[in-house]
Amino acid sequence: MTTTPPIVSLRDVHKYYGTYHALRGIDLDIGAGEFFSLLGPSGCGKTTLLRTIAGFEDLSSGTLLLSGQDMAGVPANRRPTNMVFQSYAIFPHLSVAENVAFGLRRRSDLNRQAKAALVEDALDMVGLDGFGARAAHALSGGQRQRVALARALILKPKVLLLDEPLSALDKKLREQMQNELRRLQRHVGITFVLVTHDQEEALIMSDRIAVMFEGEIAQLADPQTLYRRPTSRQVADFIGVMNFLPASLTAGSTAASVEIAGLGRAAITPEQCPAGMPTGDCTIGIRPETMSILFDGEPAPARETSGQVHELAYYGDMTYYDIALDGVEKPVTLSMKNLVGRRVLERGETARISWDERALIAFAK
Ligand code: ATP
């Protein structure tokens, strides 16, 4: 739960398109000033949810409050929200300033001077000061995205809704804009609700993330909790890389333990295991970076096993290894930093592997 009163509040929200059930009972509170992300695979309903908050879609049932006000029957242009779209809808034949001023088209109460001052402020906010007179078609992709942001922010909405705003940018620029967007959000203090299917983007930028599958929120948490303590295998698989190993859970008198294929026996704490999980067959999840290869007689800092290098992918800074463990059908993936003086193993080599039982997560089978 958020500590500040929610600025966006949804209760049991359902949305049908004909007979298709796109949102299936969404309960969600988003706090004032939060950077909140809706994350999920294509078709899970995240854009639909964003559009219902914006007022571009009606709810089939349930309630939506914005700043405590019921939004039933309130059109999009009367809501304290504004939206930035994936295709930024910049008018190429207009100047940058004219594009940004478009955000003020309904403000007949403002004179030209007041509008020009607001445009200047908005351009300054997104790092485009001095660009006002430039033709919009003469901008780079990143600059166009900033114009779209300035246009959406100029009216100082309470909530800015962003629908995959960075997906059209190349990787480097996208990473740069992720940082900028986060900085901008902190600076203006407006609540940002971002839709993305990119888990890395959501982890980098968000205070909290709702992971959605098939019209439902599967888990809602801060990035670290989501990554370290996914509550289902589906979430664990969607956020980052996770190896899944067959295992068997035994409940002891003081602590539980698991017998894991390829790794052996390990103790497991209640935080690593969903409450009420039945003993017997289960699945153990372990992340690539929590295992490591031991070189040249290095002692194991934790538990040790061995396997054969099945495949590897060299990324410059990191190498990802697929390691075949005895008794496990699918090789496990582990990642190693390519530190100075550390060699890269070859396919077929035998590797000593260290793993740590504190990094395990148990899932019901
Ligand atoms: P993407 O990342 O691909 O945009 P999404 O998670 O945002 O996916 P939505 O666009 O919310 O998904 O769509 C959720 C489901 O509702 C999809 O199966 C989609 O086909 C369906 N849907 C969306 N809009 C409509 C519509 N206007 N009429 C009928 N079905 C729709």
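Residues numbered from 1 in each chain as written. Predicted model: local features only at pLDDT ≥ 70, side-chain atom pairs only at ≥ 80, totals over all residues. Heavy atoms only, no water.

Asks: Is there a simple way to explain the pattern of salt bridges in this structure?
Replies: Any two side chains of opposite charge can pair, so long as their charged atoms come close to each other. All chains considered together, the criterion is met by 14 salt bridges. Close ionic contact of glutamate 175 with lysine 171 constitutes a salt bridge, the shortest N to O distance being 3.1 Å. Placement of both glutamate 175 and lysine 171 in helix α5 (residues 171-188) is noted, with a separation of four residues, approximately one turn of the helix. Note on lysine 171: relative accessible area 56%, which makes it exposed. Put simply, glutamate 357 and arginine 303 hold a salt bridge, and the shortest N to O gap is 3.1 Å. Placement of glutamate 357 in the loop between β19 (350-355) and β20 (361-364) and of arginine 303 in strand β16 (residues 303-314) is noted, with a sequence separation of 54 residues between them. (Salt bridge = Lys/Arg side-chain N within 4 Å of Asp/Glu carboxyl O. Helix = DSSP H or I, 4+ residues; strand = E, 2+ residues; numbered from the N terminus. Buried < 20%, exposed > 50% of the residue type's maximum accessible area, 1.4 Å probe, protein only.)

Asks: Looking at this structure, how should I read the domain arrangement of the chain?
Replies: One frequent convention defines the size of an interface as the accessible area lost when the parts assemble. The domain architecture assigned to the chain consists of domain 1 (8-234) and domain 2 (241-364). Residue-level contacts link eight residues of domain 1 with eleven residues of domain 2. Here domain 1 and domain 2 share an interface that buries about 760 Å² over both sides, 53% of which is from carbon and sulfur atoms. By the criterion of area lost to domain 2, the three top residues of domain 1 are Tyr227, Arg229 and Arg233, representing 76% of everything that side buries. Applying the counting rule to domain 1 against domain 2 returns zero salt bridges. One can count three residue pairs in polar contact (both at pLDDT 80 or more) joining domain 1 with domain 2. Considered class by class, the residues forming the side of domain 1 that touches domain 2 number three nonpolar, two polar and three charged. (Domains from an automatic or database assignment. Contact = heavy atoms within 4.5 Å. Buried area = accessible area lost by both parts, 1.4 Å probe. Polar contact = N/O pair within 3.5 Å; in protein donor to acceptor, adjacent residues only side chain to side chain. Nonpolar A, V, L, I, M, F, W, Y, C, P; charged D, E, K, R; others polar.)

Asks: Teacher, can you tell me more about the packing of helix α4 (residues 141-153) against α5 here?
Replies: Relative orientation and spacing of two packed helices are given, respectively, by the angle between their axes and the distance between those axes. Two elements in contact, α4 and α5, have axes whose closest approach is 11 Å; the angle formed by their N-to-C orientations is 25°. Taken together, α4 and α5 sit at an angle that is classed as roughly parallel. Note that α4 runs across α5; the crossing there is right-handed. Residues Gly141, Gly142, Gln145, Arg146, Leu149 and Leu153 of α4 pack against Leu173, Gln176, Met177, Glu180, Leu181 and Leu184 of α5. Partitioning the contact of α4 with α5 into residue classes produces six nonpolar, four polar and two charged. (Axes fitted to C-alpha atoms, helices over the stretch in contact; angles between N-to-C directions. Parallel < 35°, antiparallel > 145°, perpendicular 65-115°, else oblique. Left-handed = near helix turned anticlockwise from the far one by under 90°.)

Asks: I would appreciate a short explanation of the site of the ligand in the present structure.
Replies: Taken together, Tyr17, Tyr20, Ala22, Pro41, Ser42, Gly43, Cys44, Gly45, Lys46, Thr47, Thr48 and Glu164 make up the full set of residues near the ligand. Taking serine 42, its side chain carries an N or O atom lying 2.6 Å from an oxygen atom of the ligand. Within the contact set of the ligand, an oxygen atom lies 3.0 Å away from a backbone nitrogen or oxygen of glycine 45. Surface burial for the ligand is 58%, taken as the share of its 630 Å² of free accessible area covered by protein chains. Counting residues per element, the ones that place at least two in the shell around the ligand are β2 (20-31) and α1 (46-54). Ranked by the residues each element gives to the shell around the ligand, the list is headed by α1, at three residues. (Near = heavy atom within 4 Å. Areas by Shrake-Rupley, 256 points an atom, 1.4 Å probe, with all protein chains shown as cover.)

Asks: Sorry, what's going on with the nonpolar core here?
Replies: A general tendency of soluble globular proteins is for nonpolar side chains to be buried together. Grouped together as the largest cluster of nonpolar side chains are 32 residues, with contacts concentrated most on Val100, Leu149, Leu160 and Phe192. Put simply, the parts of the chain that give this core at least two residues each are α2 (96-101), α3 (112-125), α4, β7 (159-163), α5 and β8 (191-196). Considering every element that reaches this core, the biggest residue donor is α4, with six residues. Apart from the residues within four sequence positions on either side, phenylalanine 192 is in contact with Glu34, Phe35, Phe36, Leu153, Leu160, Leu162, Leu181 and Gln185. In terms of nonpolar packing, the next biggest core, distinct from the first, is built from 30 residues, Leu263, Ala266, Ile284 and Ile286 among them. (Core = buried A, V, L, I, M, F, W, Y, C linked by side-chain atoms within 4.5 Å.)

Asks: Could you clarify how one ought to interpret the packing of aromatic side chains in this entry?
Replies: In this description, a pair of aromatic rings is defined by centroid distance and the angle of the planes. For the structure on display, the rule yields six aromatic pairs. Where phenylalanine 56 meets phenylalanine 85, the ring centres are 6.2 Å apart and the plane angle is 35°; that geometry is what we call tilted. With a gap of 29 residues between them, phenylalanine 56 in the loop between α1 and β4 (61-66) and phenylalanine 85 in the loop between β6 (81-84) and α2 connect regions that are remote in the sequence. A relative accessible area of 38% means that phenylalanine 56 is categorised as partly exposed. For phenylalanine 85, a relative accessible area of 34% translates into the label partly exposed. The ring of phenylalanine 244 has arginine 233 lying over it, and the distance from NZ or CZ to the ring centre is 4.1 Å. The ring of tyrosine 227 carries the charged tip of arginine 287 above its face, separated from the ring centre by 3.9 Å. (Phe/Tyr/Trp six-rings, centres within 6.5 Å; stacked < 30°, edge-to-face > 60°. Lys NZ or Arg CZ within 6 Å of the ring centre and 35° of its normal.)

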